[in-house]
Amino acid sequence: MSERKVRVRFAPSPTGPLHIGGVRTALFNYLFARQHNGDLVFRIEDTDSNRFVPGAEEYILEAFQWLGIKFDEGVSFGGEHGPYRQSERRDIYKKYVKQLIDNGKAYYAFDTPEELAKKREEVSNFQYDASTRMQMRNSLALERAEWEHLITDGTQYTVRFKVEPGQEIVVNDMIRGDVHVKSDILDDKVLYKSVDDLPTYHLANIVDDHLMEISHVIRGEEWLPSAPLHVLLYKAFGWEETMPAFAHLPLLLKPEGKGKLSKRDGDRLGFPVFPLEWHDPKTNEVSSGYRESGYFPEAVVNFLALLGWNPGTEQELFSLDELVQAFDIRKCSKSGAKFDYQKGTWFNHEYMLRKDDDEIAREFAAVVANNGVDESYERVKQVVHMMKDRVNFVKELWPLCSFFFIAPTEYDEKTTRKRWKDYSPQQMTELMEVLSGVEDFSIEGQEAVVEKWMEDKGYKRGDIMNAFRLTLVGIGKGPGMFDISAFLGKEETLKRMKRAIEVLPSGK
C-alpha cells in the first residue's frame, strides 16, 4: 500500500474576524503541508446559520492573501472535492445521517429546549447519555409508531449520536501522544438539527474530512475534547483506515495573568488580536489589525510560528521557506504559549532593518506627501537609510524625522534649558561663518573644517554640537549632525541657524 498523500485543511466559521490564534493554526497547517509536498484545503464551516456575519469570509481570505499563506484548493480556489462551503453540502450530510440511524449508531430526539433546561435543573450535572436517554423523548424511548408520527407531523427534532458506555477511546495525537478517554464521560452529541436542515460541526467535520481525503487534522487545543467523539464517528462509519492523524496545538495565553488570549487583552494593552482591521457590521465597532497597525506580514508570520513551537536552535528570524524547512509538528509544546506582543514588535523592528531601503521608502514617501511635503523619492530614501534603525514601524518615522523636511518653528523647552548656554548664540554665529566658507558640504567636508575650528577655538565639542542640533532639529534627537546638515544643504542649514539665533535666548 502506497503512503497516503498529506492533505490538511483550515476550516474557519464566518462568524466574525479571524482571531490571531486561528491565523497560527492555518500557518502550522501550511508549513506541514508544504514540508510534506501536500495540499492545504480552505473550507468554510457555516453550519451555524444564526452566527453568520456578512463579510467575514471575504475578510478571512484577504487576511491570508496579505500574510502570504496560500491554499491549494477550497472556497474561491476550486478543486475536485467541492463544494467547500458546508451550507452547500446539505444533501451529502443527510445521506450520512440516515446511514448512522439505519445502523443503530444514532437516533431521533424530540426534546424541546425547555424540556432540556428543566431536566438540567432537576438533575445536577445532567448529561444526555446511556444512563439518561431512556428517560427522554427520543426514538429509543418511544414506540416506533409514536416517533414516526412526530416526524410526519413536522415536529422539530435533532439526531443524536449513540455513545456506548464502557469503551476506552484512544486519540493518537502527534503532539500529546496517545490520549485515553472513557466513553462514559461523553454525552450523546447532537449531529443534525431539523430546524435549519443542517448538521452540527461534529458530523459535518467528520464527513468532510473523509470525503476530502484529509490525512492530518491540525487544530487548536480547544477542539481536543471533541476528538474522542470524532474517533467514535469514524468507527461508526467504518472509516478507521482513513482516520486522520490529530495534532492539537497549544492555546495562546494572555500576556499577563491566566487564561487564553482575548480581544479584551489587546484592547487593554494596545495590540491587535486580528490580522486585519475589522469593522463590525452589527455594532459598527472598529477593531485594530496587524496590517493597519504597521506590521510587516513576514514579521507576523515569524512571530506566530514561534508561539508554541521551537526549532530547537538559537535561530529566531525565519523566512516562510526557512520555516517550511525547519518545522516539526512534534516539537510543538503541549502547554499554552504566552502571547508576548512586545516580541511581535521586536520582530517587526528586525524586519525593518533587513528590508531594502526602497521598500520602506515607497511606503514612507506616501506619508511625507500626506503631510504636505513635496520631496523627491531619492531624498526620502536617504532619510529612511539614516533613520529606519530607530523605529519599529514605518508610521513612527514621520514624528521622528519630520525635521528633515520641515524646519522647526518651535524649540523644545527642556532641551533649550539644558543645551542652549549663555554663550551659544555667539558660538552659533561663528559656526555659521565657518560653514558659509565650506565649499565641500558633504559630511566629510564639513566635519574636517568644523572639528579644526573647535580645536583652534578651544570650544567643547558637546557645547557646539548640542546647540547646533537644537538650531536644525528643534530638539535633542536625530542622527549625526553632519549627516543632518549635509542632507539639508548649506542654504537651508544657515537659514535654520539664523532663525534659531534670533528666536532663542540671546545670552548675557
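Note that the coordinates shown come from a computational prediction; the quantities given were computed from them, not determined experimentally.

Reading the values: rules and limits
Residues numbered from 1 in each chain as written. Predicted model: local features only at pLDDT ≥ 70, side-chain atom pairs only at ≥ 80, totals over all residues. Heavy atoms only, no water. Pairing = 2+ DSSP bridges. Helix = DSSP H or I, 4+ residues; strand = E, 2+ residues; numbered from the N terminus. UniProt positions renumbered as here; feature names shortened; annotations may be inferred. Salt bridge = Lys/Arg side-chain N within 4 Å of Asp/Glu carboxyl O. Buried < 20%, exposed > 50% of the residue type's maximum accessible area, 1.4 Å probe, protein only. Patch = residues over 30% accessible without salt bridge, like charges linked within 9 Å, V, L, I, M, F, W, Y side chains within 5 Å. Areas by Shrake-Rupley, 256 points an atom, 1.4 Å probe, with all protein chains shown as cover. Lys, Arg positive; Asp, Glu negative; His and termini not counted. Charge placed at Lys NZ, Arg CZ, Asp CG, Glu CD. Expected span 1.5 Å × (residues − 1). Contact = heavy atoms within 4.5 Å.

## Considering the sheet that holds strand β1 (residues 7-10)
Consideration 1: Read across the sheet, three strands follow the order β1-β2-β3 without closing on themselves; strand pairing throughout is parallel. Where the open sheet ends on each side, the last strands, each with one partner, are β1 and β3 (73-74).
Consideration 2: Judged from the four bridges that link them, β1 and strand β2 (residues 39-42) form a sheet pairing that is parallel. Bridging across to β2, R7 finds its partner in D39.

## Digging into the UniProt feature "domain: Glutamyl/glutaminyl-tRNA synthetase class Ib catalytic" (unreviewed entry) in the protein chain
Consideration 1: Within this numbering scheme, the UniProt entry marks residues 5-343 as carrying the feature "domain: Glutamyl/glutaminyl-tRNA synthetase class Ib catalytic" (unreviewed entry).
Consideration 2: Between the first and last C-alpha atoms of residues 5-343 the distance is 36 Å; the span itself is 32% helix and 16% strand.

## Details of unusual backbone geometry
Consideration 1: Omega for the peptide link from G82 to P83 comes to -5 degrees, which places this bond in the cis form.
Consideration 2: One non-glycine residue, D197, lies in positive phi territory at about 60 degrees.
Consideration 3: Note on placement: D197 falls in the loop between β8 (190-193) and β9 (198-199).
Consideration 4: Phi at E213 takes a positive value of approximately 60 degrees, unusual for a residue other than glycine.

## What to know about the pattern of salt bridges
Consideration 1: Evaluation of the coordinates by the stated rule reveals 41 salt bridges.
Consideration 2: Residue K94 is joined to D197 by a salt bridge in which the shortest nitrogen-to-oxygen separation is 3.1 Å. You can see K94 sitting in helix α3 (residues 90-102) and its partner D197 sitting in the loop between β8 and β9, a full 103 residues away along the chain.
Consideration 3: Between K254 and D265 there is a salt bridge, and its shortest N-O distance comes to 3.2 Å. Taken together, the residues span a long stretch of sequence, with K254 in the loop between β12 (252-253) and α8 (263-269) and D265 in helix α8 at a distance of 11 residues. As far as the burial class goes, K254 and D265 line up, both buried.
Consideration 4: Because the salt bridges share partners, they merge into one network encompassing R9, R43, E45, R89, D208 and D209.

## A word on a positive patch on the surface
Consideration 1: A contiguous patch of positive charge on the surface is contributed by K414, K418, R419, K421 and K460.
Consideration 2: Tracing the backbone shows K460 in the loop between α17 (443-457) and α18 (461-473).
Consideration 3: Take K460: its relative accessible area is 61%, and that puts it in the exposed class.

## Brief notes about the environment of E143
Consideration 1: Following the sequence through the fold, E143 ends up in the loop between α4 (113-122) and α5 (144-152).
Consideration 2: Sequence separation between E143 and E80 is 63 residues; the distance between their C-alpha atoms is 44 Å.

## Some details on helix α16 (residues 424-436)
Consideration 1: Compared with an ideal rise of 1.5 Å per residue, which puts 13 residues at 18 Å, α16 spans 18 Å between its outermost C-alpha atoms and is within 8% of the ideal.
Consideration 2: Looking at α16, one finds that the buried residues are S424, P425, Q427, M428, E430, L431, M432, V434 and L435.
Consideration 3: Against α15 (413-419), α17, α18 and α19 (481-503) lie the buried residues of α16.

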